[in-house]
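Tertiary structure, described
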Amino acid sequence: MNVYADNAATTVVSQTALQAMLPCFTEQYGNPSSVHETGRKAAQALDAARARIAELLRAEAKEIYFTSGGTEADNWAVQIALASGAKKNKRHIVSTAFEHHAILHTLKKAEKNGAEVTLLDVHTDGLARVEEVAAAIREDTALVTVMYANNEIGTLQPIAEIGKLCREKGVPFHTDAVQAMGHVPVDVAAQNIDMLSLTAHKFHGPKGAGLLYCRGGIPVPVFMEGGAQERGKRGGTENVPAIVGMAAALEEACRNMDEDNLRVSRLRDKLIDAVSSIPLSRLNGDRRRRLPGIANFVFEGIEGEGLLLLLDMAGISASSGSACTSGSLDPSHVLLAIGLPHEVAHGSLRLSLSALNTEEEVDYIIKTLPPIVERLRGMSPVWERIKKGA
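Below is a short write-up of the structure. Model, not experiment: these values are computed from the prediction. The numbers attached to residues start from 1 for each chain and follow its sequence in the written order. This being a predicted model, a pLDDT of at least 70 is required before a residue's local features are given, and a value of 80 or more before pairs of side-chain atoms are given or counted; all residues contribute to the totals for chains, interfaces and linings. As a convention, hydrogens and water are excluded, and side-chain values are obtained from all of the structure's heavy atoms.

Here the focus is the nonpolar core. Residues Leu57, Val144, Tyr148, Leu196, Phe203, Leu211 and Met246 are the most contacted members of the largest nonpolar core, which totals 54 residues. Contributing elements (two or more residues each) for this core: α1 (15-26), α2 (37-57), β2 (64-67), α5 (130-136), α6 (159-169), β7 (195-199), β8 (210-214) and α7 (240-255). Every helix listed is a DSSP run of H or I at least four residues long, and every strand listed is a run of E at least two residues long, numbered separately from the N terminus. The biggest single contributor to this core is α7, with 9 residues. The contacts of Leu196, once residues within four sequence positions are left out, are Leu57, His174, Thr175, Ala177, Val186, Val188, Leu211, Leu212 and Tyr213. Ile272, Phe297, Leu307 and Ala318 belong to the second-largest nonpolar core, a separate cluster that totals 27 residues. Here, the term nonpolar core denotes a set of buried Ala, Val, Leu, Ile, Met, Phe, Trp, Tyr and Cys residues that are joined through side-chain atoms within 4.5 Å. For every residue, the accessible area (1.4 Å probe, protein chains only) is compared with the maximum for its type, and the residue is labelled buried under 20%, exposed over 50%, or partly exposed between those bounds. Whether two residues are in contact is decided by their heavy atoms, any of which lying within 4.5 Å being enough.

Here it is, written out as structure tokens:
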């Protein structure tokens, strides 16, 4: 049996998204900036996609800026906040220690250019605390950026509460919703979100399409020089097929969200119950405040790399954390941020399900995983020391 349990890394493009994209290759293939009819057809498709996505976010179409994905949108959001804050001598940013590297690396670069960054603890449950965000905000704070859901352990952050706090204090609030969008309800107006990043390939849309929502009234500097695309803020011909596919996939995900989440959560909980019975294993992050499809575990005494290879040989596709850092030998910064020691964080496994996964597939994982863990521990000198109480 082949089981794809790495949906947090990327998802298969849905038939709905694929069918929506096809006309963009054959009928609406023009450059949307062109004035002739073929170009106008592409522009109409682009405008329709922007309006549909804005409605799903409870935003205005003019507040949507299309990007190549979540990483670009995250970078842009930080730059917008710093550019706006510099005019008021505000160069302080509040974030968390387990953000995606698209945020963390951008913040590190900002520090080299004179910004000051406060990274908040996320505790053993993988959750930020609103009161700690409040305590970190200063007179010179230009931005608070907290991810909606962690991409490795799946914990859902108190976004509405943080948004309300930031609105009361007059501080712009950005959330990286890449892992959350299409899986939990998002309302930028009700949740007081000023900027939001997302990407299509996390909810069965195509790769190469994402967006930045930026609330009206926030000055948006030019991010990429070139043409007049995206209201002059991001040059470059828009990826019309991918954007149209993103809109179709997001509509489908939101339409089926309640039904899909109920089923996927049940499969996730079945997986958590079974895997947690393996000796010296642990579920990372709060059991309840998490995305429907993500469960992240550590197993003492083994290396995650060997675990993934043996699972792959058994037909199970999984990961040890973010796909963006899969080439690194370092333990996950997310697991270190929630307090795991290096030697334990090395033995991590992320299983991420979608509505396409079946009960039979979950049963196969439950059957296959424990013997692999036992086999790896049987070859591990670290496990021998653990058994002896070292």
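The next thing to look at is the packing of helix α3 (residues 70-86) against helix α4 (residues 101-112). To get an axis, fit a line to the C-alpha atoms, keeping to the stretch in contact for a helix; angles then go from 0 to 180 degrees between the N-to-C directions. The contact between α3 and α4 brings their axes to 9 Å, and the two run at 35°. Two packed elements cross with a definite hand, and for α3 against α4 that hand is right-handed. Contacts from Thr71, Asp74, Asn75, Val78 and Leu82 in α3 reach Ala102, Ile103, Thr106, Leu107 and Ala110 in α4. The residue makeup of the contact of α3 with α4, split by class, is 6 nonpolar, 3 polar and 1 charged. Each helix crossing is assigned a hand: it is left-handed if the near helix lies turned anticlockwise from the far helix by less than a right angle, otherwise right-handed if that turn is clockwise. Residue polarity is assigned by list, with Asp, Glu, Lys and Arg as charged and Ala, Val, Leu, Ile, Met, Phe, Trp, Tyr, Cys and Pro as nonpolar; anything else, Gly included, falls into the polar class.

With that settled, the discussion passes to the sheet that holds strand β4 (residues 116-120). Only strands joined by at least two bridges in the DSSP assignment are considered to pair. If you walk across this open sheet you meet the 7 strands as β2-β8-β7-β6-β5-β3-β4, and the pairing is mixed. A strand with exactly one partner marks an edge of an open sheet, and here the two such strands are β2 and β4. The average angle at which neighbouring strand axes cross in this sheet is 20°, direction not considered. As judged from the 5 bridges shared by β7 and β8, these two strands associate in the antiparallel manner. Bridge pairing links Met195 to Cys214 in β8.

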